[in-house]
Amino acid sequence: MSFTDHILTAPLIRGLWINAAKCLRVVVPAGDAAAVPPQALTVDLRAAWTGDSFDEAWAAKLLRDAYTAWEAKNGAASAQPSCIRITTPSGDAVYWIDRDLDSAKKRSVTGDASPLEPGNTNTADSLIAAPGASAVNRSSVVKNKIVLVTGGAQGFGEEIVRGLAASGALVFIADLNLGGAEKLAETLNASEKRIAAVAVPVNVSNEASVEALFKTIADTAGGLDLCVSNAGVLKAASVLEQEEAAFKFVTDINYTGFFLMVKHCGRLLRRQNRTAPGWKTDIIQINSKSGLEGSNKNGAYAGGKFGAIGLVESFALELVEYDIKVNAICPGNFLDGPLWSDPVKGLFVQYLNTGKVPGARTLADVRAFYEAKVPMKRGCTGADVMRAIYYVVEQEYETGQAIPVTGGQVMLH
Ligand SMILES: NC(=O)c1ccc[n+]([C@@H]2O[C@H](COP(=O)([O-])OP(=O)(O)OC[C@H]3O[C@@H](n4cnc5c(N)ncnc54)[C@H](O)[C@@H]3O)[C@@H](O)[C@H]2O)c1
């Protein structure tokens, strides 16, 4: 019998290895408890369960004690074990560990249990940096990190996925549109010549689906460093006319969906933190300038975005105990993205057809109207949002913030 509830144990193991090496690790469950090499670290975790209830703090202690004993035997400066076998009340599980998904998967197939390279070999800076450590080059802050982007199949999400993959991260692309996510993952894996992206289906407004998403992440790579909660929808309408169903649809995805994401992401990140105290992880909500200032005939959207900033501030206060930073990024209009530029249902076409922009005769007129509202005279781009993401991840001394990226259109008060 094999233990398969990897979301309980893989993040603890990932944290332990990261804490010991001070560099990033991927943990791949092998599933086949029979194929255990003699070099594997073996840990009996049965005492961490009472019936169905799992005491993750106790499991973390058992794992830490076993690892410390291994270090005492082998010397703390020596290389790390690349394989661990755990025993639970519902069977054994074996995990393979390496610096990236390709290498860990290869070990799980070939059974290569040779030790891991010691020390900080695959990241530009110490992960658990001393306060006041020097800033690193922005994009390198996500190199080798395991990241998740919801709504990653198109629009801002796609831009973020592409930016993170190009910076060396392993990206889970989670979207309602699984076909779109798979196509993007295929393209990136081919261009990056490694497993740079994995597509996963999710509906962020459905709790079971969100829970399954984090289970898939733990089953595939053992844990997570950065969650970008980007999936969002817009249904603009007058408060005097909007159907309740449309209001609820927008709120369920933009507001409740963010709560569900943080609930299940936070549980996983807390588990990693049990064995890697001090290691900072990030949850970033892609909010909007409409989360900072009202939006005419667009109340469901602006209300959900305002509300989500309240969630960001509250969750940040609670999760700081586990070194989880929670922040929002509030972009201006992505005028080149599909929401605005789609030739059939994009906002430029809609606004032209409904006469929302006075005097506009062409799509270019509508665009010029919105560009003129921005002091910097252009729409927001994926690169603008990426710079903010790198800043938030790099800035370890900030949480609970909503950062405008609006070309000066909306300013903080
Ligand atoms: N486009 C803009 O001008 C703009 C400006 C500021 C903020 N934003 C915010 O950026 C985010 C992305 O917006 P966009 O314009 O790129 O959107 P988009 O419509 O181009 O893409 C959204 C993606 O999310 C996915 N999605 C929708 N509902 C989902 C659900 N329930 N579960 C999982 N995935 C779902 C879609 O399949 C799609 O791939 C949103 O949160 C939005 O509010 C957009």
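Structure's up top.
One structure accompanies this document, and this report is about it.

1. Examining the environment of Lys 377
- Examined against the element boundaries, Lys 377 turns out to sit in the loop between helix 11 (363-372) and helix 12 (382-394).
- Classification of Lys 377 as exposed rests on a relative accessible area of 52%.
- Non-local contacts of Lys 377, meaning those with residues more than four positions away in its chain, are made with Glu 371 and Ala 372.

2. Points about helix 8 (residues 299-319)
- Here helix 8 is 21 residues long and its end C-alpha atoms lie 29 Å apart, about the 30 Å a rise of 1.5 Å per residue gives.
- Buried within helix 8 we find Ala 300, Tyr 301, Ala 302, Gly 304, Lys 305, Ala 308, Ile 309, Leu 311, Val 312, Phe 315, Ala 316 and Leu 319.
- On the buried face of helix 8, the contacting elements are helix 7 (244-275), strand 11 (281-286), strand 12 (324-331) and strand 13 (402-405).

3. Remarks on the pattern of salt bridges
- Overall, the coordinates contain 22 salt bridges when judged by the stated rule.
- Ionic pairing is found between Asp 44 and Arg 46, a salt bridge with its closest N-O pair at 2.6 Å.
- Between Arg 367 and Glu 371 there is a salt bridge, and its shortest N-O distance comes to 2.9 Å. Of this pair, Arg 367 and Glu 371 are both found in helix 11, four residues apart, which corresponds to roughly one turn of the helix.
- For Arg 367, a relative accessible area of 23% gives the class partly exposed.

4. Notes on unusual backbone geometry
- Unlike most non-glycine residues, Lys 193 shows phi in positive territory, near 55°.
- Along the chain, Lys 193 falls in the loop between helix 5 (178-192) and strand 9 (197-201).
- Using a relative accessible area of 75% as the deciding quantity, one classes Lys 193 as exposed.
- In this structure, Lys 377 takes a positive phi of about 60° despite not being glycine.

5. Quick look at the packing of helix 7 against helix 8
- Orientation of helix 7 relative to helix 8, taken along the N-to-C sense of each, is 10°, at an axis distance of 9 Å. In this view, helix 7 runs roughly parallel relative to helix 8, as classed from their interaxial angle. Two packed elements cross with a definite hand, and for helix 7 against helix 8 that hand is right-handed. Mapping the contact onto sequence places Phe 247, Val 250, Asn 254, Tyr 255, Phe 258, Phe 259 and Val 262 in helix 7 and Ala 300, Tyr 301, Gly 304, Lys 305, Gly 307, Ala 308, Leu 311, Val 312, Phe 315 and Leu 319 in helix 8.

6. Digging into the pairing of strand 11
- Summarising burial for strand 11: six of the six residues are buried, a large majority.
- Here strand 11 shows a buried face lined by Thr 281, Ile 283 and Gln 285 and a second buried face lined by Asp 282, Ile 284 and Ile 286.
- Both strand 10 (residues 226-229) and strand 11 contribute to a ladder of four bridges, which runs parallel. Directly across from Cys 227, in strand 11, lies its bridge partner Ile 283.
- Of the strand pairs in this sheet, strand 11 and strand 12 are connected by six bridges, and their pairing is parallel. Across the sheet, the residue bridging to Ile 283 is Val 326, located in strand 12.
- Handedness of the β-α-β unit built from strand 11, helix 8 and strand 12 comes out right-handed.

7. Side note on the sheet that holds strand 5 (residues 83-88)
- Spatially, the four strands line up as an open sheet ordered 1-6-5-2, and their pairing is mixed. The open sheet has two free edges, formed respectively by strand 1 (26-29) and strand 2 (41-44), since each of these has just one partner strand. Sheet twist, expressed as the mean angle between neighbouring strand axes with direction ignored, is 25°.
- Bridge analysis of strand 5 against strand 6 (residues 91-98) gives six bridges, and the strand direction is antiparallel. If you follow Thr 87 over to strand 6, its bridge partner there is Asp 92.
- In the packing of helix 1 (residues 6-21) onto the sheet, the strands contacted are strand 1, strand 2, strand 5 and strand 6, and the crossing angle to strand 6 comes to about 40°.
- Each of strand 2 and strand 5 touches helix 2 (residues 56-74); the most contacted strand, strand 2, lies at about 145° to it.

8. A few points about the side chain of Gln 242
- Summarising the element assignment, Gln 242 is placed in the loop between strand 10 and helix 7.
- Reaching out from Gln 242, the side chain makes a polar contact with the backbone oxygen of Lys 235 at a distance of 3.1 Å.
- The contact partners of Gln 242, leaving out residues within four places of it in the chain, are Lys 235, Ala 237, Phe 247 and Ala 300.

Conventions used here
Residues numbered from 1 in each chain as written. Predicted model: local features only at pLDDT ≥ 70, side-chain atom pairs only at ≥ 80, totals over all residues. Heavy atoms only, no water. Helix = DSSP H or I, 4+ residues; strand = E, 2+ residues; numbered from the N terminus. Buried < 20%, exposed > 50% of the residue type's maximum accessible area, 1.4 Å probe, protein only. Contact = heavy atoms within 4.5 Å. Expected span 1.5 Å × (residues − 1). Salt bridge = Lys/Arg side-chain N within 4 Å of Asp/Glu carboxyl O. Axes fitted to C-alpha atoms, helices over the stretch in contact; angles between N-to-C directions. Parallel < 35°, antiparallel > 145°, perpendicular 65-115°, else oblique. Left-handed = near helix turned anticlockwise from the far one by under 90°. Pairing = 2+ DSSP bridges. Right-handed = clockwise from strand over helix to strand, strands pointing away. Polar contact = N/O pair within 3.5 Å; in protein donor to acceptor, adjacent residues only side chain to side chain.

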